[in-house]
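# Working through the structure, step by step
The lines below spell out each chain.
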Amino acid sequence: GFYGELSHTFSEYDTPRELSFHPMGFQLAIIFDDRIRIYHIAAESLRLALELTLKSPSGVAYSHSGEYLAVACGSSILLLDPVRFLVITVFTGHLQSINHVIWADDDSRIMSCGVDGCVYGFQVKGSDQQASAGRTEETEGQVQNQRVFEHFSKGTVYT
């Protein structure tokens with residue numbers, strides 16, 4: 001199999017909090033305290049491709065196909081196109097901060113768990129097509145999406 005080693009030093013003010021590798025290995029998404037950075041992985045270094053300032057980013061995950069990048073930001077999830085660096089949609093519904101995001105095996109859903117003890121699932125496949133077909137409503141610049149799964153457990157704290 002293929003393996004490699006790459007080292008990168010960040011400044012003392014930039015402490016990585018969470019990271020996710022693109023499934024094909026050519027990108028790396030890193031969450032910091034107030035931003036996400038997406039790097040292209042070169043032969044001997046990381047090359048900054050995108051830096052996006054966010055409020056309280058807390059989780060990041062590439063879809064299994066690498067077609068999407070999910071970023072938990074406060075109580076919302078940004079769905080990004082990691083190739084064109086576009087925000088495809090924003091999933092909302094949590095009342096408190098999201099701790100973690102994970103993809104379904106077939107990339108059809110994003111599952112998220114929050115500090116409020118709620119686990120939500122959002123439909124992903126066709127999200128950009130749904131917006132143009134009118135099944136997703138846009139109100140004052142914020143995209144509203146329906147959840148396809150929800151689980152509440154009072155008193156449970158997911159970390």
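Residues numbered from 1 in each chain as written. Predicted model: local features only at pLDDT ≥ 70, side-chain atom pairs only at ≥ 80, totals over all residues. Heavy atoms only, no water.

Along the backbone of the protein there are one helix and 14 strands. Taking all 159 residues of the protein together, 40% fall into the buried category. Long-range contacts, defined here as pairs at least 24 residues apart, represent 40% of the contacts in the protein between residues at least 6 apart. For the protein, the accessible area works out to roughly 9400 Å², and carbon and sulfur atoms hold 50% of it. (Helix = DSSP H or I, 4+ residues; strand = E, 2+ residues; numbered from the N terminus. Buried < 20%, exposed > 50% of the residue type's maximum accessible area, 1.4 Å probe, protein only. Contact = heavy atoms within 4.5 Å. Areas by Shrake-Rupley, 256 points an atom, 1.4 Å probe, with all protein chains shown as cover.)

Let us now look at the environment of Gln 123. By secondary structure assignment, the location of Gln 123 is in strand S11 (residues 118-123). Placed 16 residues apart in sequence, Gln 123 and Asp 107 show a C-alpha to C-alpha distance of 9.1 Å. Among the polar contacts made by the side chain of Gln 123, one reaches the main-chain carbonyl oxygen of Ser 108 at a distance of 3.5 Å. (Polar contact = N/O pair within 3.5 Å; in protein donor to acceptor, adjacent residues only side chain to side chain.)

It is worth spelling out the sheet that holds strand S9 (residues 98-103) at this point. Judged by pairing direction, the sheet is antiparallel, and its four strands sit side by side in the order S9-S10-S11-S14 without closing on themselves. Edge positions in the open sheet fall to S9 and strand S14 (147-152), since each of these has one partner strand only. Pairwise comparison of adjacent strand axes, ignoring direction, gives a mean angle of 15° for this sheet. Relative to S14, S11 runs antiparallel, the two sharing five bridges. Within S14, the residue paired with Phe 122 across the bridge is Arg 147. (Pairing = 2+ DSSP bridges. Axes fitted to C-alpha atoms, helices over the stretch in contact; angles between N-to-C directions.)

This part covers the environment of Ser 112. Relative to the helices and strands, Ser 112 resides in strand S10 (residues 109-114). Considering only alpha carbons, one finds Ser 112 and Gly 59, 53 residues apart in sequence, at a separation of 9.3 Å. Once you skip the residues sitting within four places of it in the chain, Ser 112 turns out to touch Ile 77, His 94, Ile 98, His 100, Val 101, Cys 118, Val 119, Tyr 120 and Phe 122. Reaching out from Ser 112, the side chain makes a polar contact with the side chain of His 94 at a distance of 2.7 Å.

Time to look at the environment of Val 115. Tracing the sequence through the fold places Val 115 in the loop between S10 and S11. We classify Val 115 as partly exposed; its relative accessible area is 30%.

The antiparallel open sheet is built from four strands, whose spatial order is S1-S2-S3-S4. Looking at which strands have only one partner, the edges of the open sheet turn out to be strand S1 (18-21) and strand S4 (46-53). Along the sheet, successive strands turn relative to each other by an average axial angle of 20°, direction set aside. The pairing of S1 with strand S2 (residues 27-31) spans four bridges and is antiparallel. Across the sheet, the residue bridging to Glu 18 is Ile 31, located in S2.

Two elements, S9 and S10, share five bridges in a ladder whose sense is antiparallel. When the sheet's bridge partners are listed, Ile 98 is paired in S10 with Gly 114. A loop of five residues connects S9 with S10, the two strands running antiparallel in sequence, and Asp 107 in this loop sits at a positive phi of about 65°. Alignment of S10 against S11, held across five bridges, turns out to be antiparallel. Along S11, the bridge assignment pairs Arg 109 with Gln 123. In this structure, the hairpin formed by S10 and S11 is closed by a connection of three residues, where Gly 117 is found at a positive phi of approximately 85°.

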